[in-house]
Amino acid sequence: MGMGFSFKPLWRLLIDKDMSKTEYREALGLSSATLAKMGKGEYVSMEVLDKTCNHFGVPLHEIVEHVTEAPEV
(Lines give C-alpha, C1' and ligand atoms only; values in the text may rest on other atoms or scores of the structure.)
Protein backbone atom coordinates (compact mmCIF):
# COMPACT_ATOMS: atom_id res chain seq x y z
CA MET A 1 0.00 0.00 0.00
CA GLY A 2 1.31 3.42 -0.86
CA MET A 3 0.22 6.96 -0.67
CA GLY A 4 1.64 10.27 -1.59
CA PHE A 5 1.05 13.49 -3.36
CA SER A 6 0.30 14.54 -6.89
CA PHE A 7 1.36 17.88 -8.31
CA LYS A 8 -1.20 17.66 -11.13
CA PRO A 9 -2.98 20.78 -9.82
CA LEU A 10 0.30 22.69 -10.14
CA TRP A 11 0.93 21.43 -13.68
CA ARG A 12 -2.61 22.50 -14.65
CA LEU A 13 -1.98 25.91 -13.06
CA LEU A 14 1.24 26.33 -15.06
CA ILE A 15 -0.67 25.52 -18.26
CA ASP A 16 -3.35 28.08 -17.33
CA LYS A 17 -0.62 30.68 -16.72
CA ASP A 18 1.17 29.71 -19.96
CA MET A 19 4.30 29.03 -17.92
CA SER A 20 6.77 26.20 -18.56
CA LYS A 21 8.12 24.04 -15.74
CA THR A 22 11.54 25.56 -16.40
CA GLU A 23 10.13 29.11 -16.09
CA TYR A 24 8.42 28.10 -12.85
CA ARG A 25 11.63 26.56 -11.48
CA GLU A 26 13.69 29.66 -12.37
CA ALA A 27 11.08 32.13 -11.07
CA LEU A 28 11.10 30.46 -7.65
CA GLY A 29 14.81 29.60 -7.59
CA LEU A 30 14.18 25.87 -7.30
CA SER A 31 16.74 23.21 -8.18
CA SER A 32 16.33 20.78 -11.06
CA ALA A 33 16.33 17.99 -8.46
CA THR A 34 13.34 19.55 -6.69
CA LEU A 35 11.41 19.85 -9.94
CA ALA A 36 12.26 16.22 -10.77
CA LYS A 37 10.92 15.11 -7.37
CA MET A 38 7.70 17.01 -8.02
CA GLY A 39 7.41 15.35 -11.42
CA LYS A 40 7.55 11.95 -9.71
CA GLY A 41 5.14 12.93 -6.93
CA GLU A 42 7.89 12.69 -4.30
CA TYR A 43 8.13 14.77 -1.14
CA VAL A 44 9.44 18.31 -1.33
CA SER A 45 9.96 20.77 1.50
CA MET A 46 7.18 22.90 2.96
CA GLU A 47 9.30 25.87 1.89
CA VAL A 48 8.83 24.91 -1.78
CA LEU A 49 5.07 24.62 -1.27
CA ASP A 50 5.00 27.95 0.60
CA LYS A 51 6.99 29.74 -2.14
CA THR A 52 4.70 28.29 -4.80
CA CYS A 53 1.48 29.32 -3.02
CA ASN A 54 2.87 32.82 -2.45
CA HIS A 55 4.09 33.18 -6.03
CA PHE A 56 0.72 32.32 -7.55
CA GLY A 57 -1.44 33.65 -4.70
CA VAL A 58 -3.29 30.35 -4.36
CA PRO A 59 -4.09 27.95 -1.49
CA LEU A 60 -2.22 24.67 -1.11
CA HIS A 61 -4.95 22.53 -2.68
CA GLU A 62 -4.37 24.34 -5.98
CA ILE A 63 -0.74 23.14 -5.96
CA VAL A 64 -0.85 19.60 -4.62
CA GLU A 65 -3.40 16.87 -3.93
CA HIS A 66 -3.13 13.85 -1.70
CA VAL A 67 -3.43 10.50 -3.43
CA THR A 68 -4.12 7.20 -1.69
CA GLU A 69 -3.72 3.97 -3.62
CA ALA A 70 -6.41 1.35 -3.23
CA PRO A 71 -5.38 -1.32 -0.71
CA GLU A 72 -4.35 -4.66 -2.17
CA VAL A 73 -6.86 -7.45 -1.67
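Note that this is a predicted model, so its numbers are computed, not measured.

A. A look at the overall build of the protein. On a plain count of helices and strands, the protein comes out with four helices and two strands. When the helices and strands of the protein are listed from N to C terminus, the series reads β-α-α-α-α-β. Its C-alpha atoms give the protein principal-axis dimensions of roughly 45 × 20 × 20 Å. Looking at the protein as shown, the accessible area adds up to about 5000 Å², and 54% of this sits on carbon and sulfur atoms. Distance from the positive charge centre (8 side chains) to the negative charge centre (11 side chains) of the protein: 3 Å.

B. Spatial organisation of the nonpolar core. Within the largest apolar cluster, 19 residues are counted, with the highest numbers of intra-cluster contacts made by Phe 7, Leu 10, Tyr 24, Met 38, Phe 56 and Ile 63. Elements represented by at least two residues in this core include exactly α1 (8-16), α2 (21-28), α3 (32-39) and α4 (46-56). Leave out the neighbours within four places in its chain, and Leu 10 touches Tyr 24, Met 38, Thr 52, Phe 56, Glu 62 and Ile 63.

C. Region of the structure containing unusual backbone geometry. Positive phi outside glycine occurs at Asp 18, with the angle close to 55 degrees. Assignment of secondary structure puts Asp 18 in the loop between α1 and α2. By relative accessible area, which is 71% here, Asp 18 ends up exposed.

D. Quick look at the packing of aromatic side chains. Tallying each qualifying case throughout the model produces three aromatic pairs. Look at Phe 7 and Trp 11: their rings are 6.4 Å apart centre to centre, the planes differ by 45 degrees, and that puts the pair in the tilted class. Taking relative accessible area as the criterion, Phe 7 reaches 4% and is therefore assigned buried. Geometrically, the ring pair formed by Tyr 24 and Phe 56 is stacked, given 6.2 Å between the ring centres and 20 degrees between the ring planes. Residue Tyr 24 is found in helix α2, and its partner Phe 56 is found in helix α4; the two are separated by 32 residues along the sequence. In this pair, the class of Tyr 24 matches that of Phe 56, namely buried.

E. Main features of the packing of α2 against α4. Where α2 contacts α4, the two axes come as close as 11 Å, and the packing angle between them is 100 degrees. When the interaxial angle is binned, α2 and α4 end up roughly perpendicular. Along its contact with α2, which presents Tyr 24, Ala 27 and Leu 28, the element α4 presents Val 48, Lys 51, Thr 52, His 55 and Phe 56. Classifying every residue of the contact of α2 with α4 by side-chain character gives five nonpolar, two polar and one charged.

Reading guide: rules and limits
Residues numbered from 1 in each chain as written. Predicted model: local features only at pLDDT ≥ 70, side-chain atom pairs only at ≥ 80, totals over all residues. Heavy atoms only, no water. Helix = DSSP H or I, 4+ residues; strand = E, 2+ residues; numbered from the N terminus. Areas by Shrake-Rupley, 256 points an atom, 1.4 Å probe, with all protein chains shown as cover. Lys, Arg positive; Asp, Glu negative; His and termini not counted. Charge placed at Lys NZ, Arg CZ, Asp CG, Glu CD. Core = buried A, V, L, I, M, F, W, Y, C linked by side-chain atoms within 4.5 Å. Buried < 20%, exposed > 50% of the residue type's maximum accessible area, 1.4 Å probe, protein only. Contact = heavy atoms within 4.5 Å. Phe/Tyr/Trp six-rings, centres within 6.5 Å; stacked < 30°, edge-to-face > 60°. Axes fitted to C-alpha atoms, helices over the stretch in contact; angles between N-to-C directions. Parallel < 35°, antiparallel > 145°, perpendicular 65-115°, else oblique. Nonpolar A, V, L, I, M, F, W, Y, C, P; charged D, E, K, R; others polar.

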